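# Examining the three-dimensional arrangement
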Amino acid sequence: MRKEFLIGIAVFLFLVIVDFSLFFKTRWFWSLLLLSFVLGGLPTYLLYLKENKRQKEVETEFLEFIRSLVEGVKSGIPIPQSILNLKDKNFGALTNYVKKLAYQIEWGVPVKDALRIFARNTDNKIIRRSVAIIIQAEESGGRMDDILESVADSVVSIERLKDERKSSTYSQVVQGYIVFFIFIGVMLMLEVKLMPMIQDMLKGLTGGISGGGFFEAGEATAGTELNFKRIFLSLIVIQGVFAGLLIGKFSEGKIKYGIKHSFALVVAALLLILTVAPP
């Protein structure tokens, strides 16, 4: 088990013990309990963000690697030797992968196999696709300098499209957050203002009926209040999860990048709701 998971579990258990010991039956109990889950999962979440950042840096450095490889191939140096010449060059997050690739070629591993291992180790979709094109081009006997240049151009185009999408959808991301918090405000108004009015009406109504011997007014209003709270919380969680996923899809092109937005929206909403209107 990774160190981050152990730290998260330890933080979670400590905060839960403190919450039950000091804040049980207070209005802060549910907020602090949620905060315990958040802080307990924070190390794992930070690890996820770190991996996303690493993947973006790997894609950027892969472009530099391909460009350097093109220069070597254009000067008449074969691909294996060109890779060996780049062994000691700094490629940021990609450096260790390039060194491993060069060492494998030095040990006699065929270039195609070494490149496949390189792509698999980086665990990056763009690199895997680019390496597959390079291997196919080498097998078909095409001009490697032209193929590598076209691969570099395609990587540049992909990165440019990502940046353009992110900049063009920035306003939509902000609007998504604003709409969500307006939705929370409406839910809070319903729970804080409208629900007491409904409960008062039900008390009067059920009080008259219970006088006739049907059921107790208190049980009916308590059940109604509980149902409303559950409905509100369910709506907020569902809205936050899907709003975050859509924001990630719009801004970065993949739903998985919306997980961080969903996490932020749901946590912020629940902390607000549980603090202002605790169960």
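Residue position: His-261 is located in helix H10 (residues 259–276). Not counting chain neighbours up to four residues away, the residues in contact with His-261 comprise Tyr-177, Gly-244, Ile-247, Gly-248 and Ser-251.

Before going further, it helps to spend a moment on the packing of helix H2 (residues 29–74) against H10. Look at H2 against H10: their axes get within 10 Å of each other, and the N-to-C directions meet at 165°. On the basis of the axis angle, H2 is roughly antiparallel to H10. Classified by chirality, the crossing of H10 by H2 is left-handed. Residue-level inspection shows Trp-30, Ser-31, Leu-34, Leu-35, Val-38, Tyr-45, Tyr-48 and Leu-49 of H2 in contact with H10, the latter providing Ile-259, Lys-260, Phe-263, Val-267, Leu-270, Leu-271, Leu-274 and Thr-275. In the contact of H2 with H10, the residues fall into 13 nonpolar, two polar and one charged.

Let us look at a positive patch on the surface. The grouping of Lys-125, Arg-129, Lys-254 and Lys-256 at the surface amounts to a positive patch. Tracing the sequence through the fold places Lys-254 in the loop between helix H9 (217–252) and H10.

Reading guide: rules and limits
- Residues numbered from 1 in each chain as written.
- Predicted model: local features only at pLDDT ≥ 70, side-chain atom pairs only at ≥ 80, totals over all residues.
- Heavy atoms only, no water.
- Helix = DSSP H or I, 4+ residues; strand = E, 2+ residues; numbered from the N terminus.
- Contact = heavy atoms within 4.5 Å.
- Axes fitted to C-alpha atoms, helices over the stretch in contact; angles between N-to-C directions.
- Parallel < 35°, antiparallel > 145°, perpendicular 65-115°, else oblique.
- Left-handed = near helix turned anticlockwise from the far one by under 90°.
- Nonpolar A, V, L, I, M, F, W, Y, C, P; charged D, E, K, R; others polar.
- Patch = residues over 30% accessible without salt bridge, like charges linked within 9 Å, V, L, I, M, F, W, Y side chains within 5 Å.
- Areas by Shrake-Rupley, 256 points an atom, 1.4 Å probe, with all protein chains shown as cover.
- Salt bridge = Lys/Arg side-chain N within 4 Å of Asp/Glu carboxyl O.
- Lys, Arg positive; Asp, Glu negative; His and termini not counted.
- Charge placed at Lys NZ, Arg CZ, Asp CG, Glu CD.

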